[in-house]
Amino acid sequence: MTSTLTEHAVTRDFDPRELRTALGRYTTGVTVITASTAGGHRIGVTANSFTSVSLEPPLVAWCPAKRAPSLPDLAQATHFAVNVLAAEQHRLSTQFATPAPDKFDGVATTEGLGAAPLIEGALARFQCRPVRWVDAGDHVICIAEVERFDTADGDPLVFHGGAYHVAAPHPEF
Ligand SMILES: Cc1cc2nc3c(=O)[nH]c(=O)nc-3n(C[C@H](O)[C@H](O)[C@H](O)COP(=O)(O)O)c2cc1C
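Residues numbered from 1 in each chain as written. Predicted model: local features only at pLDDT ≥ 70, side-chain atom pairs only at ≥ 80, totals over all residues. Heavy atoms only, no water.

A. Quick peek at the packing of aromatic side chains. Enumeration over the complete set of coordinates arrives at five aromatic pairs. Where F96 meets F104, the ring centres are 4.9 Å apart and the plane angle is 70°; that geometry is what we call edge-to-face. Through a chain of ring-to-ring contacts, the aromatic side chains of F50, F126 and F149 assemble into a single cluster. (Phe/Tyr/Trp six-rings, centres within 6.5 Å; stacked < 30°, edge-to-face > 60°.)

Next up, the structure:
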């Protein structure tokens, strides 16, 4: 059951918080995008803008904010990894969404393509090569080809309405 819908016109003086709240009704998983610079500095950014795009060829996308301090390093990396977080990894989501000199402190990883860190315990890890960067307002869209991936069983971390949730099977299916 839903309550009555409230319509908002996107005019010049509309409140972006209303749009953010509405967009938050769209439920996503949570990923950490990881990469390494040529100098060996490791980058990790929590992102829920990750999406699958194409199976043939195998393409995915995510949207980094232009103001994200990690963006210049990410744009230089030959590869990045998408680490799909499990429900019990909610603290990693906060850790990689908080600026810090070493975001990987205490995080178990192995090295993937381009030395991108692969986070232990993730539900899936996609090792990707960026193929196109598209300018999009205050974000950019990074489209990338998946070159390797692995998966594990477990419950996903879910993001809805600006808060973390766990997924439950629908009672009618
Ligand atoms: C659940 C969640 C989802 C997020 N999704 C994105 C996203 O898709 N793109 C983005 O640029 N930032 C996103 N962020 C914010 C970044 O994780 C945060 O700004 C981070 O500090 C950026 O890394 P940096 O400071 O190393 O550049 C998200 C944060 C959270 C908590």
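B. Expanded view of the nonpolar core. Within the largest apolar cluster, 20 residues are counted, with the highest numbers of intra-cluster contacts made by I33, W62, L74, F80, F126 and C128. Going through the elements one at a time, strand 2 (31–36), strand 3 (42–47), strand 5 (59–62), strand 6 (80–84), strand 9 (124–136) and strand 10 (139–151) are the ones with two or more residues in this core. Apart from the residues within four sequence positions on either side, F126 is in contact with F50, F80, A81, V82, V84, V146, R148 and F149. V30, V32, L92 and I119 belong to the second largest nonpolar core, which has nine residues in total. (Core = buried A, V, L, I, M, F, W, Y, C linked by side-chain atoms within 4.5 Å. Buried < 20%, exposed > 50% of the residue type's maximum accessible area, 1.4 Å probe, protein only. Helix = DSSP H or I, 4+ residues; strand = E, 2+ residues; numbered from the N terminus. Contact = heavy atoms within 4.5 Å.)

C. Region of interest: the site of the ligand. Taken together, 16 residues lie around the ligand, and T46, S49, A65, S70 and K103 are the ones closest in. Note that a nitrogen atom of the ligand is positioned 3.0 Å from one of the backbone N or O atoms of N48. Note that an oxygen atom of the ligand is positioned 3.2 Å from one of the backbone N or O atoms of A97. Calculation on the ligand without its partners gives an accessible area of 640 Å², and the protein chains cover 80% of this total. Among the elements that take part in the shell around the ligand, strand 3 stands out by supplying three residues, more than any other. (Near = heavy atom within 4 Å. Polar contact = N/O pair within 3.5 Å; in protein donor to acceptor, adjacent residues only side chain to side chain. Areas by Shrake-Rupley, 256 points an atom, 1.4 Å probe, with all protein chains shown as cover.)

D. A look at the sheet that holds strand 1 (residues 28–29). Taken together, three strands build an open sheet; the order of strands is 1-11-12 and the sheet is antiparallel. If you trace the sheet from one side to the other, it starts and ends with strand 1 and strand 12 (163–166), each paired once. Summarising the sheet, strand 1 and strand 11 (residues 157–160) pair through two bridges and their orientation is antiparallel. Along strand 11, the bridge assignment pairs T28 with F159. (Pairing = 2+ DSSP bridges.)

E. View of the pairing of strand 12. In terms of strand pairing, strand 11 meets strand 12 through four bridges, oriented antiparallel. What sits directly across from H160, in strand 12, is A163. What sits between strand 11 and strand 12 in their antiparallel hairpin is a turn of two residues, with G161 showing a positive phi close to 60°.

F. Local environment of the pattern of salt bridges. Under the criterion given, the structure shown has six salt bridges. Note that R125 is salt-bridged to D150, the shortest N-O span being 2.8 Å. With R125 in strand 9 and D150 in strand 10, the pair connects residues that are 25 residues apart, well separated along the chain. Residue R125 is classed as buried on the basis of its relative accessible area of 13%. The exposure class assigned to D150 is partly exposed, which follows from its relative accessible area of 31%. Between E145 and R129 there is a salt bridge whose closest N-O contact spans 3.6 Å. Taken together, the residues span a long stretch of sequence, with E145 in strand 10 and R129 in strand 9 at a distance of 16 residues. If you follow the salt bridges from partner to partner, you end up with E120, R125 and D150 in one network. (Salt bridge = Lys/Arg side-chain N within 4 Å of Asp/Glu carboxyl O.)

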